[in-house]
Amino acid sequence: DAGVIQSPRHEVTEMGQEVTLRCKPISGHNSLFWYRQTMMRGLELLIYFNNNVPIDDSGMPEDRFSAKMPNASFSTLKIQPSEPRDSAVYFCASSWTGAEEKLFFGSGTQLSVL
Amino acid sequence: DQQVKQNSPSLSVQEGRISILNCDYTNSMFDYFLWYKKYPAEGPTFLISISSIKDKNEDGRFTVFLNKSAKHLSLHIVPSQPGDSAVYFCAASISNTPLVFGKGTRLSVIA
């Protein structure tokens, strides 16, 4: 099993540019989560999907953030336009429905917005 | 407002000694608690968990204690090893809803 796969591992961009982060969950998992890690706030939930449907996006900080899950094996998190305060590590995680506490995380995307 | 709080950003322990990592929570509805471990450049991985109906769960060198009246849990690592050096996240959930994480505690085990 390849685990949760995220790309890119690192992203450096300039303020105002569009950023797209990608995630492939573990095959068979039907819940997918996007978390953001910062020093100030730790690991915070941005949005989660169940069976490809967004269930709770209350953690998405602003309208500049959007997430999609077009099928069971792929999700994107998009920031448009990006700002320096968006700099953080973004993690994708997946789990089975009913076992949301047992998350399997990807290696994360380190985003730097200059 | 942080529902799960880890008030110690870092902790240093000598190899072979006990490491105690602490976590406090504010929401009495939480019914499941977990610890995740994170190495640099990797995602967090599940370490150990405890249900709210228990007060202790042990797995090898790792033991988690839960004090519901104090809304406090702790992770004990005995004996500590250099490979335990990592960031430890405390997390909590309510009936299989998404996990709420603390800010993490960086543990350094010194040889």
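Up top is the structure.
Sequence order as written defines the numbering, with residues in each chain counted from 1. Written order determines the labels here, with chains lettered from A and ligands numbered from 1. Note on the predicted model: pLDDT of at least 70 is required for a residue's local features to be given, and 80 or more for side-chain atom pairs to be given and counted; whole-chain, interface and lining totals, by contrast, use all residues. By convention in this description, side-chain values take in all heavy atoms of the structure and omit both hydrogens and water.

## Topic: the overall build of chain A
Here comes step 1: Counting its secondary structure elements, chain A contains zero helices and 11 strands.
Here comes step 2: Put simply, chain A runs from its N terminus to its C terminus through helices and strands in the order β-β-β-β-β-β-β-β-β-β-β.
Here comes step 3: C-alpha atoms define the radius of gyration, and 2.2 Å times the number of residues to the power 0.38 defines the globule rule. Its C-alpha atoms give chain A a radius of gyration of 13 Å, near enough to 13 Å, the size a compact globule of 114 residues would have.
Here comes step 4: Split into buried and exposed, the 114 residues of chain A put 46% on the buried side.
Here comes step 5: Should any heavy atoms of two residues lie within 4.5 Å, those residues are considered in contact. Counting contacts in chain A only where the partners sit at least 6 residues apart, residues at least 24 apart contribute 54% of the total.
Here comes step 6: For chain A, the accessible surface area stands at approximately 5,500 Å², while carbon and sulfur atoms represent 51% of it. Per the convention used, a helix needs a DSSP run of H or I reaching at least four residues, while a strand needs a run of E reaching at least two, with both numbered from the N terminus. Categorising residues by exposure relies on relative accessible area from a 1.4 Å probe, with only protein chains included: less than 20% of the type maximum marks a residue as buried, more than 50% marks it as exposed, and the intermediate range marks it as partly exposed. To measure how exposed things are, a 1.4 Å probe is used in the Shrake-Rupley method; for residues, cover is taken only from the protein chains shown.

## A word on a nonpolar patch on the surface
All names here are of chain B.
Here comes step 1: Each patch is built from residues lacking any salt bridge and having more than 30% relative accessible area; the joining distance is 9 Å for like charges and 5 Å for nonpolar side chains (Val, Leu, Ile, Met, Phe, Trp, Tyr). Should a side-chain nitrogen of Lys or Arg be within 4 Å of a carboxyl oxygen of Asp or Glu, the pair is scored as a salt bridge. Among the surface-exposed residues, Ile18, Ile20 and Val78 lie close enough to one another that they form a single nonpolar patch of about 230 Å² accessible area.
Here comes step 2: Its place among the elements puts Ile20 in strand 3 (residues 19–25).
Here comes step 3: A residue is classified by how much of its surface remains accessible, and Ile20, at 37% relative accessible area, is partly exposed.

## Some remarks on the state of the cysteines
Here comes step 1: By convention in this document, the label disulfide applies to cysteine sulfur atom pairs within 2.5 Å. Summed over the entire model, instances satisfying the criterion amount to two disulfides over all chains.
Here comes step 2: Note on cysteine connectivity: Cys23(A) is disulfide-linked to Cys92(A), with sulfurs 1.9 Å apart. Looking along the S-S bond of the Cys23(A)-Cys92(A) disulfide, the torsion reads about -65 degrees, which is the left-handed sense. With Cys23(A) in strand 3 (residues 19–24) and Cys92(A) in strand 9 (residues 88–95), the pair connects residues that are 69 residues apart, well separated along the chain.
Here comes step 3: Judged by its relative accessible area of 1%, Cys23(A) is buried.
Here comes step 4: Note that Cys23(B) is cross-linked by a disulfide to Cys90(B), the S-S spacing being 2.0 Å. Handedness here is read from the sign of the S-S torsion; for Cys23(B) and Cys90(B), about -75 degrees, the answer is left-handed. One end of the pair, Cys23(B), is in strand 3; the other, Cys90(B), is in strand 9 (residues 86–93), with 67 residues separating them in the sequence. Residue Cys23(B) shares its accessibility class with Cys90(B), and that shared class is buried.

## Let's talk about the nonpolar core
The nonpolar side chains of a soluble globular protein tend to be buried with one another.
Residues and elements named next belong to chain B.
Here comes step 1: The criterion is simple. A nonpolar core is a set of buried Ala, Val, Leu, Ile, Met, Phe, Trp, Tyr and Cys residues joined through side-chain atoms within 4.5 Å. Counting residues in each nonpolar core, the largest one holds 23 residues, and the members touching the most others are Phe33, Trp35, Leu73, Leu75 and Tyr88.
Here comes step 2: Listed by contribution, the elements that provide at least two residues to this core are strand 3, strand 4 (32–38), strand 5 (45–51), strand 7 (62–67), strand 8 (72–77), strand 9 and strand 11 (105–110).
Here comes step 3: Element by element, the count of residues in this core is highest for strand 9, at four residues.
Here comes step 4: Look past the residues within four positions of Leu75 in its chain and what remains in contact with it is Ser19, Ile20, Leu21, Trp35, Leu47, Ile48, Phe62, Thr63 and Tyr88.

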